[in-house]
Amino acid sequence: MQRRIAHYLSEHLDEAIFLSSVELAERAGVSQPSVTRFAMVLGFAGYPELRQALRPLVLGGGGAGGAGAPQESLLRGAIDSEIRNLAQVRERLAAFPLKELGEQLAATEPLLVLGLRVSCGLATTFAYYARRIHPDVRLLTHGGSELADGLHAARRAGAEWLVAVVLPRYPTEALQALEYAEKLGLRVAAITDKPVFPAEVVLDAPVGDRLVFDSHAAPLALAMALVEAMADAAPLRTQARLEEYERMTDETGTFLPGDLA
């Protein structure tokens, strides 16, 4: 397996530095885990780190003379990949139970949202907007006993659903939290990049992995679609809460008036 990967890299390095681990596995005729293991055998944390180390061999160093067009090509390739990811979500929208899930989430109080480590950012964004239209959204972004306490307290307060954002790399604590949530009787909806995931409802969208760190444009779009579905499920409450929020921000001067342009 490792010889196949090494051979493909040696023969197609200029192309391989733009491939995801899944794409490289397909080209080399191996499994995706084999690509990850290959990178780790070489001393890297994973394939993205190996790919980043190989890029200067093709694109040149990052000095003043070598950063221009190759770097732009790299960024364009990353953006093109994200556009394809978004297009994939758009084509699959009808397959996601957004309407039904939005109704369930709108009706549960409190609503739990979980996101650990890199998933914290998207979970925080989802919770921020969900709070504009939902009376009680509780965000969990810390692991350990504090996480278990939050799940238990919310369940005792009447929570029925947990929205979990679990993106690569997948924290062990996040999966343990989902197991505990199910033991408590919570239903779990996961925003992730894997179509097969241990949750009652799975909203999966691919992540962009062409740069040093993953980007999450497609999962973010799916999360915003879920907030929209929650808003549509309770239109009168949504309108009332948004109007109340606007009055509050006007009174407190939360935002600058008008455009900054």
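Everything that follows concerns the structure shown earlier in this document.
A. Highlighting the packing of aromatic side chains. According to the stated counting rule, one finds one aromatic pair in the structure shown. Plain terms: the ring middles of Tyr128 and Tyr129 are 5.2 Å apart, the flat faces sit at 85 degrees to each other, and that makes the pair edge-to-face. Under the relative-accessibility criterion, Tyr128 is labelled partly exposed at 36%. Positioned over the ring face of Tyr128 is Arg132, at 5.0 Å from the centre of the ring.

B. View of the pattern of salt bridges. Enumeration over the complete set of coordinates arrives at six salt bridges. Notably, a salt bridge pairs Glu15 with Arg27, separated by 2.0 Å at the nearest N-O pair. On the criterion of sequence distance, the pair formed by Glu15 in helix α2 (residues 13-16) and Arg27 in helix α3 (residues 21-28) is long-range, its members being 12 residues apart. Overall, Glu15 belongs to the partly exposed group, its relative accessible area being 30%. Notably, a salt bridge pairs Arg92 with Asp204, separated by 3.0 Å at the nearest N-O pair. With Arg92 in helix α6 (residues 68-92) and Asp204 in strand β5 (residues 201-204), this pair connects stretches of sequence that are 112 residues apart. Judged by relative accessible area, which is 27%, Arg92 ranks as partly exposed.

C. Expanded view of the pairing of strand β3 (residues 161-166). By the criterion of burial, β3 is predominantly enclosed, with six of the six residues buried. Alternating positions in β3 separate into two faces, Trp161, Val163 and Val165 on one and Leu162, Ala164 and Val166 on the other, with burial throughout. Pairing between β3 and strand β4 (residues 187-192): six bridges, direction parallel. Counterpart to Val165 in the pairing with β4 is Ile191. After leaving β3, the chain enters helix α10 (residues 172-183) and then returns to the sheet as β4, a path that is right-handed.

D. How the structure looks around the sheet that holds β4. The sheet built from five strands is open, its strands ordered β2-β1-β3-β4-β5 with parallel pairing. Because the sheet does not close on itself, it has two edges, and the strands there are β2 (137-140) and β5. Neighbouring strand axes in the sheet, compared pairwise and without regard to direction, differ in orientation by 20 degrees on average. With four bridges joining them, strand β1 (residues 111-115) and β2 adopt parallel strand pairing. The partner of Leu111 across the bridge, within β2, is Val137. Across the sheet, helix α7 (residues 98-107) touches β1, β3, β4 and β5, and the angle it forms with β3 is around 125 degrees. In the packing of helix α8 (residues 120-133) onto the sheet, contacts are made with β1, β2, β3 and β4, and the angle to β2 comes to roughly 170 degrees.

E. Fine view of the environment of Gln2. Secondary-structure assignment places Gln2 in helix α1 (residues 2-11). Classification of Gln2 as partly exposed rests on a relative accessible area of 38%. Sequence-wise, Gln2 and Asp250 are 248 residues apart; in three dimensions their C-alpha atoms are separated by 61 Å. Discounting chain neighbours no more than four positions away, the residues touching Gln2 are Phe38 and Val41.

Reading the values: the criteria
Residues numbered from 1 in each chain as written. Predicted model: local features only at pLDDT ≥ 70, side-chain atom pairs only at ≥ 80, totals over all residues. Heavy atoms only, no water. Phe/Tyr/Trp six-rings, centres within 6.5 Å; stacked < 30°, edge-to-face > 60°. Buried < 20%, exposed > 50% of the residue type's maximum accessible area, 1.4 Å probe, protein only. Lys NZ or Arg CZ within 6 Å of the ring centre and 35° of its normal. Salt bridge = Lys/Arg side-chain N within 4 Å of Asp/Glu carboxyl O. Helix = DSSP H or I, 4+ residues; strand = E, 2+ residues; numbered from the N terminus. Pairing = 2+ DSSP bridges. Right-handed = clockwise from strand over helix to strand, strands pointing away. Axes fitted to C-alpha atoms, helices over the stretch in contact; angles between N-to-C directions. Contact = heavy atoms within 4.5 Å.

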